[in-house]
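# Secondary and tertiary structure notes
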Amino acid sequence: MAGVMQGGGAFPDFDMLRIVARGQLKLLLESMPELKDLIIEQPLMKPLDRIAGAQFLKSHGVDKIYKLEPSTTKALSGCRQRMYLIRPSMKSVKCVADTINADIAIQQKRKYKIIFVPKKCHVCERILEQEGVFGHVSLDEFHLDLIPLDRDLLSLEMPGFFKSFFLENDQSWLHTVAKSLVSLQDLYGIIPNVYGVGRGSKISFDLMNMMLRYGCDQKRRVSNEIGHVFLIDRDIDFVTPLLSQVTYEGLVDETFGIKSGFVEFGPEITRAKTVRLLLTSDDEVFEEIRNRHFSNVFGYLGAKARELQSGYDKRHGISSVSDMKNFVSNELKGLKQQHKSLALHIGASEVILGKKNKGDFEELLTTEHNLLEGIESRGITNYIEECIHRQLDKSLILRHLCLFSQTNDGLPPALYKSMRTQFLHSHGFEHLLTFHNLKKIGLLTEQEKAPTPAAKQLGIRKSSFQALRKKLNLVPKFNEDFNLKNPSHMAYVFSGAYTPLSCKLIEQVISREGFTGLEDVMKHVPEPVFSEYKVKSARATTSSKVILVYFVGGCTYSEVVALRFLGKLKGWRFIIATSEMLNGRSLMDQVVDTAAER
């Protein structure tokens with residue numbers, strides 16, 4: 001199978017995942033012959049765009065495409081056949097039932113088909129029965145799993161996965177994680193070496209093995225293109241998503257929001273209508289700046305602008321018609337594409353810089369770095385209290401509180417109660433459930449009772465994070481100013497102040513080909529820890545350098561950047577897969593009590 005070259009190595013060709021998904025969708029569309037309308041749930045529109053565009057849908061019998069919205073209760077005009085593409089949630093199914101009942105009320109006769117992504121649930125069928133429309137619809141499933149967002153980035157694009165598993169303890173979506181791992185191995189061969197940390201990872205791994213054992217013939221997969229897979233739960237490292245991102249791609253995500261690889265830039269950048277931009281390695285300008293620390297972005301953009309101007313100026317030296325024709329056909333189109341991309345990224349950088357300068361960003365980073373280093377000062381408490389009293393964005397305040405808790409193994413009981421009371425006074429007592437949610441997940445907790453003098457003397461009561469910080473050198477000490485322009489350490493993704501725990505753990509395990517020698521580290525990490533080796537050592541093979549890292553519960557762009565950098569340092573080729581892309585804001589949004597928002 002053809003690979004994609006990068007940094008002297010080849011990635012598996014993940015276009016195969018897109019082709020397989022498109023084939024499934026084609027069969028589903030053709031299962032309802034002739035013209036039909038397609039109604040798509042909003043969160044599925046961008047993921048579907050990465051698989052099949054509007055032209056593909058229309059070529060397989062789709063007449064009109066509508067967006068399913070919760071407020072839709074009236075009958076919609078259109079074809080005699082209607083197909084719904086939705087997630088298996090009670091809210092979405094109720095909305096579909098309302099539109100069908102609206103048709104029935106005016107005696108509008110249609111054929112209806114509901115396609116659940118990635119699978120249907122029994123509770124959805126019960127809702128259709130209770131709403132009286134079960135007999136009017138046929139049901140099917142679209143087993144959409146990993147979507148290629150870039151050559152080295154795959155995602156299930158399941159926003160809400162974190163909340164579902166870590167807060168509500170709903171394990172049903174782990175089946176989708178396991179199924180996606182099986183699909184990868186169907187296409188690219190059995191992955192011989194498996195490492196994992198966390199409850200969700202272990203359940204997914206066991207389900208995957210069950211599917212491989214009973215669901216298909218393993219003899220088909222002789223060669224393998226991926227040598228290792230590392231499964232890691234999000235709760236192994238909460239600190240990383242809570243920190244402010246400072247790489248370009250991370251800041252674009254936090255400022256504008258990246259959805260399925262798309263970002264929308266509004267009039268503040270385009271000075272016209274909103275532009276939707278696909279962020280991939282095919283965009284030459286974006287590829288050059290995506291992994292850079294933000295302080296180095298403007299320098300490149302300025303140099304690129306001068307380079308493009310030089311390219312345009314070539315036309316003045318053209319003397320013949322044939323040379324002009326060659327310039328227009330071979331160079332001008334590329335220059336225009338780069339010019340458009342450059343203008344958008346310069347505009348985005350200006351907006352990001354404006355928000356950083358406006359929002360006391362440096363003070364925020366200083367507070368975060370002090371927390372990482374374990375510096376306990378009244379200044380940190382004062383800073384968070386000031387944010388509460390100024391009624392700043394609640395997601396930002398909750399991130400501060402959670403980071404304070406994570407880096408200190410919980411807040412002292414008196415401080416916890418004080419902070420909670422002040423927050424509730426400022427943002428409303430309806431957020432009591434928000435604090436319950438944060439405590440349940442383990443993001444914001446109270447410290448346990450003070451240890452006995454004997455235990456204190458033995459050093460039993462230590463922050464797990466602070467122990468890991470020292471054992472893994474997560475907060476590196478540099479003899480001089482950290483070089484952010486030409487970094488030599490993963491810590492550059494957080495201005496040299498912190499190496500993501502998840503990435504450091506992955507580096508240590510892959511380097512050792514297992515957990516041997518890391519026993520003192522792993523006792524501070526949530527269990528279980530597991531590994532499996534189908535090949536004792538695959539160092540001699542090409543695939544041994546290809547490592548799939550699967551984040552169960554979400555991944556940040558900072559971790560993606562750190563792993564890309566680690567791959568360049570070590571000669572490894574990382575493929576990052578995740579249930580969803582996360583940042584601090586989207587993480588907080590999933591645990592904030594929705595009743596408090598109404």
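Here is a short report on the structure shown in this document. (Residues numbered from 1 in each chain as written. Predicted model: local features only at pLDDT ≥ 70, side-chain atom pairs only at ≥ 80, totals over all residues. Heavy atoms only, no water.)

### A closer look at the sheet that holds strand β4 (residues 62–68)
What counts is decided by this rule: When DSSP finds two or more bridges between a pair of strands, those strands are recorded as paired. In this description a helix means any DSSP run of H or I spanning at least four residues, a strand means any run of E spanning at least two, and both kinds are numbered starting from the N terminus. Lines fitted to C-alpha atoms define the axes, with helix axes restricted to the stretch in contact, and inter-axis angles between N-to-C directions lie between 0 and 180 degrees. For this analysis, residues touch if any pair of their heavy atoms sits within 4.5 Å.
In spatial order, the strands read β4-β3-β5-β6-β7; together these 5 strands make up an open sheet with parallel pairing. Of all the strands in the sheet, the pair left with one neighbour each is β4 and β7 (137–141). Averaged over all pairs of adjacent strands, the angle between strand axes in this sheet comes to 20°, irrespective of strand direction. Pairing between strand β5 (residues 81–86) and strand β6 (residues 111–116): 6 bridges, direction parallel. Paired with Gln81 across the bridge in β6 is Lys111. Running over the sheet, helix α4 (residues 90–105) touches β3 (36–41), β4, β5, β6 and β7 and is turned about 165° from β5.

### Examining the packing of aromatic side chains
We apply this condition: Working definition: rings of Phe, Tyr and Trp (its six-membered ring) pair if their centres are within 6.5 Å, and the pair is stacked with planes under 30 degrees apart, edge-to-face with planes over 60 apart, and tilted otherwise. For every residue, the accessible area (1.4 Å probe, protein chains only) is compared with the maximum for its type, and the residue is labelled buried under 20%, exposed over 50%, or partly exposed between those bounds. Only Lys NZ and Arg CZ are tested; either one counts as a charge over a ring when it is within 6 Å of the ring centre and within 35 degrees of the ring normal.
Applying the stated criterion across every chain, the model contains 15 aromatic pairs. Seen from their ring centres, Phe465 and Tyr498 are 6.2 Å apart, and the 40° between their planes marks the pair as tilted. With a gap of 33 residues between them, Phe465 in helix α21 (residues 464–471) and Tyr498 in the loop between α21 and α22 (501–512) connect regions that are remote in the sequence. Each member of the pair, Phe465 as well as Tyr498, carries the same accessibility label: buried. With centroids separated by 5.8 Å and ring planes inclined at 50°, the aromatic side chains of Phe494 and Tyr498 adopt a geometry described as tilted. Across the pair, Tyr498 and Phe494 agree in class, each one buried. Stacked on the ring of Phe262, the Lys or Arg Arg50 has its end atom at 5.8 Å from the ring centre.

### Let's talk about the nonpolar core
Here is the rule: What makes a nonpolar core is a set of buried Ala, Val, Leu, Ile, Met, Phe, Trp, Tyr and Cys residues whose side-chain atoms join them at distances within 4.5 Å.
The biggest cluster of nonpolar side chains holds 162 residues, and the ones touching the most others in it are Phe142 and Tyr498. Counting 19 residues, the second largest nonpolar core, distinct from the first, contains Leu68, Cys95, Cys124 and Ile127.

### Description of α21
Of the residues making up α21, those classed as buried are Phe465, Gln466, Ala467, Leu468 and Arg469. Directly beyond the C-terminal end of α21, a positive phi value near 55° is found at Asn473.

### Focus: the sheet that holds strand β17 (residues 573–578)
The 7 strands are arranged β8-β9-β17-β16-β11-β10-β15 in an open sheet whose pairing can be described as mixed. Of all strands in the sheet, those bounded by a partner on one side alone are β8 (147–150) and β15 (529–533). The average undirected angle you get between the axes of adjacent strands in this sheet is 20°. Both strand β9 (residues 153–155) and β17 contribute to a ladder of 3 bridges, which runs parallel. Pairing of Leu153 across the sheet is with Ile576, part of β17.

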